[in-house]
Amino acid sequence: MKQMNSIERFSRLGKNNYTGLDILKNHIFQKHPVCFTDDMDDYSQVEKYDSEYVWLVKTGTELSSKFPYGYKTNTKNVICFPYMYKGNRKVYSWDLVKLIPNSKDRITEPVKEKIIVGHYDAWKGKDHFDIFLCGSEDTASYKSLQEKYNFKTVQSFEEAQTKSETDMFWFIPDDVEVYSSFNMKRYVPDEWSMNFTHVFGNDKLNEFDGIGLFPKKYTPTEKELDFRFYVNKKEIKLPASKRSNYPVFYVDTFEDYQNALQQSNSELFWIMFPNVEADINFNFDITFKITNVYDRQTNHAFKHVVDNEETYDGIWLCSKHVPISKNEIEHRHIVDRKEWDIVASGPKYYNKFFIDTYDEYLHALNTSETEMFWGVSKNLKVDPNFKFDLFFDDRTDEFEYERNENHTFIHKVNNENFYNGIFLFSKNKEVSQREIEHRHLTTRKEWDIVASGPVKYDIFDVNNYDDYLFALHNSKTEMFWAKSGNVSVFKEFHYDLYFTHDQEYERNINHAFAHMYNNEKTYHGLFLFTKHKPLSEREINNRYIIEAKHHPVFVSQSIVYDIFEIDSWDEYQYALTTSKTEMFWATSKNIKVDPKFKFSLFFDPKDDEYEYERKENHAFIHKVNDEILYNGIFLFSKHKPVTQQEIEHRHILERKEWSTVASGPLQYDIFAIDTWLEYDLALQNSKTEMFWATSRNIDTSNFDFDLYFTHDNHYDRFTNHAFIHNVDGKEYYNGLFLMSCHNEVSKHEIESRHIIDRKEWDIVASGPIKYDVFTVDSYEDYLDAVDKSTTEMFWAVSSNVDTSEFDFDLYFTHDNEYDRYINHVFKHEVDDDVMFNGVFLLTKNIKK
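Source: prediction; values computed, not measured. (Residues numbered from 1 in each chain as written. Predicted model: local features only at pLDDT ≥ 70, side-chain atom pairs only at ≥ 80, totals over all residues. Heavy atoms only, no water.)

*Asks:* Would you mind showing me how to read the overall build of the protein here?
*Replies:* The secondary structure content of the protein amounts to 22 helices and 53 strands. Relative to the 2.2 N^0.38 estimate, which gives 29 Å for 848 residues, the radius of gyration of the protein is 42 Å and therefore markedly larger than a compact globule would have. C-alpha extents for the protein along the principal axes are approximately 115 × 100 × 55 Å. Buried positions account for 47% of the 848 residues belonging to the protein. Sequence-distant contacts, at least 24 apart, represent 63% of the contacts inside the protein between residues at least 6 apart. When the accessible surface of the protein is split by element, carbon and sulfur atoms take 48% of a total near 45600 Å². Distance between charge centres in the protein, computed from 99 positive and 143 negative side chains, equals 5 Å. (Helix = DSSP H or I, 4+ residues; strand = E, 2+ residues; numbered from the N terminus. Rg over C-alpha atoms; globule rule 2.2 N^0.38 Å. Buried < 20%, exposed > 50% of the residue type's maximum accessible area, 1.4 Å probe, protein only. Contact = heavy atoms within 4.5 Å. Areas by Shrake-Rupley, 256 points an atom, 1.4 Å probe, with all protein chains shown as cover. Lys, Arg positive; Asp, Glu negative; His and termini not counted. Charge placed at Lys NZ, Arg CZ, Asp CG, Glu CD.)

*Asks:* What am I meant to see in the sheet that holds strand 18 (residues 276-278) here?
*Replies:* In any sheet, the strands associate via hydrogen bonds between backbone groups, in a parallel or an antiparallel arrangement. Strand order in the open sheet made by the six strands is 16-17-20-19-21-18, with mixed pairing throughout. What marks the edges here is a single partner per strand, and that holds for strand 16 (248-250) and strand 18. Taken pair by pair, the neighbouring strands of this sheet meet at an average axis angle of 45°, ignoring direction. Of the pairings in the sheet, the one linking strand 19 (residues 300-306) to strand 21 (residues 338-347) comprises five bridges and is parallel in character. If you follow phenylalanine 302 over to strand 21, its bridge partner there is tryptophan 340. Along the sheet, helix 6 (residues 254-263) makes contact with strand 16, strand 17 (268-272) and strand 20 (309-319), crossing strand 17 at roughly 155°. (Pairing = 2+ DSSP bridges. Axes fitted to C-alpha atoms, helices over the stretch in contact; angles between N-to-C directions.)

*Asks:* Looking at this structure, how should I read unusual backbone geometry?
*Replies:* Of all residues except glycine, most have a negative phi; of all peptide bonds, most are trans. Phi is positive for asparagine 625, which is not a glycine, with a value near 50°. Among the secondary structure elements, asparagine 625 is positioned in the loop between strand 39 (618-624) and strand 40 (627-629). The exposed category is assigned to asparagine 625, whose relative accessible area is 74%. Residues other than glycine seldom take positive phi values, yet arginine 650 does so here, at roughly 50°. You can see arginine 650 is positioned in the loop between helix 17 (644-649) and strand 42 (656-664). Of the residues examined, arginine 650 reaches a relative accessible area of 5% and is grouped as buried.

*Asks:* Would you mind showing me how to read the side chain of serine 637 here?
*Replies:* Looking at the secondary structure, you find serine 637 in strand 41 (residues 634-637). From its side chain, serine 637 meets the backbone oxygen of arginine 614 in a polar contact 2.5 Å long. For serine 637, the side chain forms a polar contact with the main-chain nitrogen of histidine 639, separated by 3.0 Å. In contact with serine 637, other than residues within four places in its own chain, are Glu582, Met583, Arg614, Lys615, Glu616 and Asn617. (Polar contact = N/O pair within 3.5 Å; in protein donor to acceptor, adjacent residues only side chain to side chain.)

*Asks:* Would you mind going over the nonpolar core with me for this structure?
*Replies:* The nonpolar side chains of a soluble globular protein tend to be buried with one another. Within the largest apolar cluster, 44 residues are counted, with the highest numbers of intra-cluster contacts made by Trp585, Ile633, Tyr668, Trp692, Phe723 and Leu738. Those elements giving two or more residues to this core turn out to be strand 37 (583-587), strand 39, strand 44 (690-694), strand 46 (721-727), strand 49 (759-768), strand 51 (793-797) and strand 53 (833-843). Setting aside residues no more than four positions away along its own chain, isoleucine 633 makes contact with Trp585, Ala586, Thr587, Ile591, Val593, Phe597, Phe599, His618, Ala619, Phe620, Ala662 and Ser663. (Core = buried A, V, L, I, M, F, W, Y, C linked by side-chain atoms within 4.5 Å.)

*Asks:* It is not clear to me how the pattern of salt bridges should be interpreted in this structure. Could you clarify?
*Replies:* Inspection of the entire model under this criterion finds 35 salt bridges. The salt bridge partner of glutamate 402 is lysine 445, with a shortest N-O separation of 3.5 Å. You can see glutamate 402 sitting in helix 10 (residues 400-403) and its partner lysine 445 sitting in strand 28 (residues 445-453), a full 43 residues away along the chain. Using a relative accessible area of 23% as the deciding quantity, one classes lysine 445 as partly exposed. Members of the salt-bridge network, linked through shared partners, are Glu582, Glu611, Arg614 and Lys615. (Salt bridge = Lys/Arg side-chain N within 4 Å of Asp/Glu carboxyl O.)

*Asks:* What should I look at first to understand the side chain of serine 766 in this one?
*Replies:* By secondary structure assignment, the location of serine 766 is in strand 49. Classification of serine 766 as buried rests on a relative accessible area of 4%. Those residues within four positions of serine 766 in sequence are excluded, and the remaining contacts are Ile698, Asp699, Thr700, Ile724, His725, Asn726, Gly735 and Leu736.

Encoded structure:
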C-alpha cells in the first residue's frame, strides 16, 4: 500500500492559486450571468443574456465558493477554467466551466486560464468510498468488518451500484474475508485510474477474484461478475483477502449431522463420511451467487470414485433450508439432491507407518485408524509410481479375504526382486516378532507390483564426536555417510551404495573408503557408518575405525582450504571467524594469481608430522618485474592470529616462506566514465583497488594499461593519477585517469574532468577520437544512430551527398563544452549554391 500518493501530498503541501480577496471581489465587481447547460459546445446559448461575457457551466457542476463571477478580461477568445481533482493539482476537466464573449466576432479557439473554479470530489464529502458486503450477518466476514468499517449489506452487485453515493465503491463478495492488514479507508487510487476497476490479491498476489473497488459508472456483464474477471481493470498486487469456504463437518451418525446443522455459521456447509478422503484436486471452493435461490436451498452431492465406480455417498454440500432425514444419513443417500459432475472424493486410504522394529509394528497395530495399514522402512525408497492406493471396500463381501490377509510387494534392487520392502498389514491377522525383524512374513499374498527400491543413505558432516552422536541420533536411514571438513569427495562418487535387509553383515558393520592423501592411500576420508554398531570417541577423533570393512576404490582426497580476499583488518577478522577450515588462503585485489598455482597445499590434522605447519602462517612469492616479494598470497593458520599492522602493511613477521611463485602484478579494471553515475558505479564494482577511467571522447588504442603499484607503495595506491591527452600537439590532463578506490573525488571533478588532487604523468595515454559516421536520411535513421553510436557526437551524412574529400577529423576536447553540447552543420554546394543540408555533426549530450 502506498505511503502517500499525489492526492495525499497535495492535501498536506498544496496551495490554492487564488487569493483570499476572491470572495470579496465577487461582491465588488459586476458579475457575469451563469448559464447552466448540457451542451458545452453550443455558444449561441449566451446570446439571450444582456452581458458582455456569460459563464457557460455544465449542468450539475458544483462551483467553488470563491468562484470569480466578476472575472475581468479584454480577450475575444473563449476562456476555459480548470476544474480540479479534490486535494490535487491535476486537472479533472477543462470543459465544465467556460467564459464566453457575447459577440459575433468571438474567437472559438479556447484560452486556458489558471484560476481554479471548482473541485471534483469522488468521495462526495466522505472520508472513504462506500463499502458493500454481499451477504448478511451470517456471512463469515461480517463481524470482522463490523469492527473496522461502516458498511452496508447487499444481495447483489447491482444493488451496491445503485446505493453507492460515492463515484467509486468497494464490493466484497460473500466468500472472501478481508485481511485485517488491508485498510480500505486508506487506499486511494491514482486520479488517472478512477475509471478502472481495482482488483486485489485474493489468497495469492496474482489471483484477483476477491474484493474490488469499482467505478459507479462501470457496469460489468453478468459473465464478468460470474468469473470475477473484469475487462477494464487495474491489478494491485497487495494481499487484501482470502477465500472463506463453507465449513466442513465429519459426519458418521444422524446426531453428527444435527450438530453440524446447528453449528454452521453459513447457509451451506460440507459434510464428509468415514472412509472418505477428499480428491487432491477438490478444494471445497465451490461458491454460489446469493441470488441463486435454488442452489442456496438445495442439497448437493458430488462424485465419490472407488475403482472407477462412481457413487454420490462421499461428500455433500448441505443447505440449512432443506434438512436431511435420519434414514438418508444412515443410507448415505439424499433423495432430493443436485448431482454434480465433479469428482470430490475417493476411499480413505490406509494409514502409513515406518516399521523397522517389532515395537513399531505393535504401535501401528494399536493406533491405526484404518483396519489395514501400510508398513514401510527407513531402509528403502518408495517407487515414484507406487501410490499406496490399494483399497478393499468394507461395504462388499467380495474383499473379505484381502481385508484379513497380509500383503507384500516387490522391493527391486539391481534388477532382483525381493519381498522384504513394503507390507500392507491387516489388523485381523497379527504377525510375530521374528517375522518383523527378518522382514519375512510366513503367510502372505504377494503382489507383482514394484513398490520400492534402494534408499540413498543420509549424509552428515562429522568432524568430531559430537557431530557423530548427532548423526547417529538424527539419521532417518539405518546407515549414514560421514564426511569431514578436511575431505573432498570426488564428483564421480554418487553415494549410491545400498544393502538389502537380508545383507545383515554389511548392514551391521562400518565401512571405510580409500582416500588420496599426499599421493598415498589411506582410509581416514569417507565412511559409511551403521546405527547397529556405535563407535568410540577415540575412533572418531582419530578417524581410524578399528573394525571396518575397507573399500579400495578412491572416492575422496584432501580438501582445499577456504580462500578469502583480504585487503583490510576487518576482512582478515571475518575470514578468521568464518573459515570452515583451520587454515585459510588470503589473496588480494592488488595481485593476480599465477595460473600454475593451485591452492593445493594441505596439512592433515591427523598427521603429527604437520603439527608445526598447521600452526604457522605461510607466505608465497609475489613476483613483480623480476623482484621477489612476500606480500602477495598467504596461507594463514587459525592457531596463530596476526596483528592489524601486519595485515595493513601486508608483512607477516613470523612466517614460513615458500619458494613457489604464487602471484604477480594484475591489470587494473577499466571503465568508461563520462558521468558521475558511471564513476560511482565503477567505485562500487571495481574488483581491483585502482581502476582506469577512460572516456568515450578519447582514443587510448596505443596505451598498454600495464601500470602497477605493489602493496608497499602506499602513496601511489592512495593517489589519483592523470595522463597526457594529446590533441594537435597540445597537452591536456582531462583524458585518461587511474583512480584509487581509497581516494574518492567529487561530482564536479568528474563532470569537469579535472581532478584537483592528482599525480601527473609525462606519458601520452590518449588522443582525439574519431566520431562515428552514420547515413541518416530519416528520423528513424537518426534515432538508430543515437542508439548505436559509441561516441558522444556522431556524423550524420545524407546518402545523396559526396563526402569522399571530407576527413571527418573534427574533434572537441572535454573542456570545450559549448561545441560538445551543440549540433554542427557544414556547407553543401550544389551548382554553386551553398546549402547546409548535407553533413551534420550531432551531439548526444543534453544541456543541463
